[in-house]
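These are the residues of each chain, in order.
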Amino acid sequence: MSQGLSGRPGATGGPLRLGTRKSLMATTQSQRVADLLTERTGRAVELVGVTTQGDVSKALVAQMGGTGVFVNALRDKILSGEVDFAVHSLKDLPTSETPGIALAATPARDDPRDALCSPVKLADLPHGARVGTGSPRRIAQLRALRPDLEVIPIRGNADTRLAKVTDGDLDAVVLAHAGLRRIGRVEAVGEVFDTDQMLPAPGQGALALECRSDRADLLELLGTVNDAATRRAVTAERTILAVLEAGCSAPVGTYAAEVEEELHLTATVAAYDGSRQIRLSASGHPDAAEQIGRDLADRLLAQGADQLMGERD
Ligand SMILES: NCc1[nH]cc(CCC(=O)O)c1CC(=O)O
């Protein structure tokens, strides 16, 4: 199986070293990519656990602007050659490019939707129920669906958040369905939100493989697990974020998918208090993914997206 690649410089030798955070979600998604790569190329892949400053100090994560601290630590290991590549949740990657680092592949996307983790469905939560989420995107869309709910800002990994529901501190929390599957906690889900109810974060449910941009051999090897349709969809979604100059904590939801050779993109920008939302859709040829995203972002801006995002409560 590896015959086509094994003769190239750099493609031979020991196992590929995949740098990963040590959390259950990170190691699960890294191992899945490792197995897929081995299946497609015959190359062995070894996971190299990396402890980042963000894993050591929670305060530091907040101070350094969220998940960026994890991404940067893995990128440093790639640039120094300690590992060959890394697997990230695409939605945690900033939209700006990093010198020397290339996005080598986006494997086929998992479920992009958000899930209500609760013993009951959203409609069955009592009036004024306490729902935990720290994401302005989720807060704004939740408030639009159920203005009576009390939204409680929470932090921590998925298990910590789920424990708040089982302990009775909260009636529900909202988390990405893909992440819950990766940590084996789908049983906690009361309802998976349709994308009509809650638009996911740009890139949610998708993974991103990164390596050094000067390693042509690796780019080819890692490219074997790329899924072209996923790449086009997340390109459209992330272009919205880039044009709006927003990050993963902005009240911006998007979802793109191909239906019958047309790429459909929907995006929402919401006020932090959920009082107003702009929601627009566009479609076009899948090869024009970036242009479709750009045009839709321009339309959102023309309708006041900038102002909306600037309003905090
Ligand atoms: N920001 C944290 C994060 N990054 C990726 C996922 C879940 C998996 C994914 O969306 O690919 C999560 C947890 C969550 O939002 O519930």
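Look up a bit, the structure's there.
Residues numbered from 1 in each chain as written. Predicted model: local features only at pLDDT ≥ 70, side-chain atom pairs only at ≥ 80, totals over all residues. Heavy atoms only, no water.

Draft legend 1. The sheet that holds strand β6 (residues 130–132), seen in detail. The strand order across the open sheet formed by 5 strands is β7-β6-β8-β5-β9, and the pairing between neighbours is mixed. Two strands close off the open sheet at either side, each with one partner strand: β7 (150–152) and β9 (189–192). For this sheet the average axis-to-axis angle between neighbouring strands, irrespective of direction, equals 30 degrees. Pairing of β6 with strand β8 (residues 172–176), which is carried by 2 bridges, proceeds in the parallel orientation. When the bridges of β8 are listed, G132 appears paired with V173. On top of the sheet, helix α6 (residues 136–145) reaches β5 (114–117), β6, β7 and β8; it is set at about 125 degrees to β8, its chief contact. Sitting on the sheet, helix α7 (residues 158–166) touches β5 and β8, and the angle it makes with β8 is about 155 degrees. (Pairing = 2+ DSSP bridges. Helix = DSSP H or I, 4+ residues; strand = E, 2+ residues; numbered from the N terminus. Axes fitted to C-alpha atoms, helices over the stretch in contact; angles between N-to-C directions. Contact = heavy atoms within 4.5 Å.)

Draft legend 2. Just the packing of aromatic side chains, in detail. This structure, assessed with the given rule, holds 0 aromatic pairs. When the ring centre of F70 is taken as origin, the NZ or CZ atom of R21, which lies over that ring, is 3.4 Å away. (Phe/Tyr/Trp six-rings, centres within 6.5 Å; stacked < 30°, edge-to-face > 60°. Lys NZ or Arg CZ within 6 Å of the ring centre and 35° of its normal.)

Draft legend 3. Region of interest: the environment of G253. Relative to the elements of secondary structure, G253 occurs in strand β11 (residues 252–259). Of the residues examined, G253 reaches a relative accessible area of 0% and is grouped as buried. Put simply, G253 and G14 are 239 residues apart on the chain and 42 Å apart in space, counted from C-alpha to C-alpha. Among residues more than four places away in sequence, those in contact with G253 are R137, L199, P200, T266, A267 and T268. (Buried < 20%, exposed > 50% of the residue type's maximum accessible area, 1.4 Å probe, protein only.)

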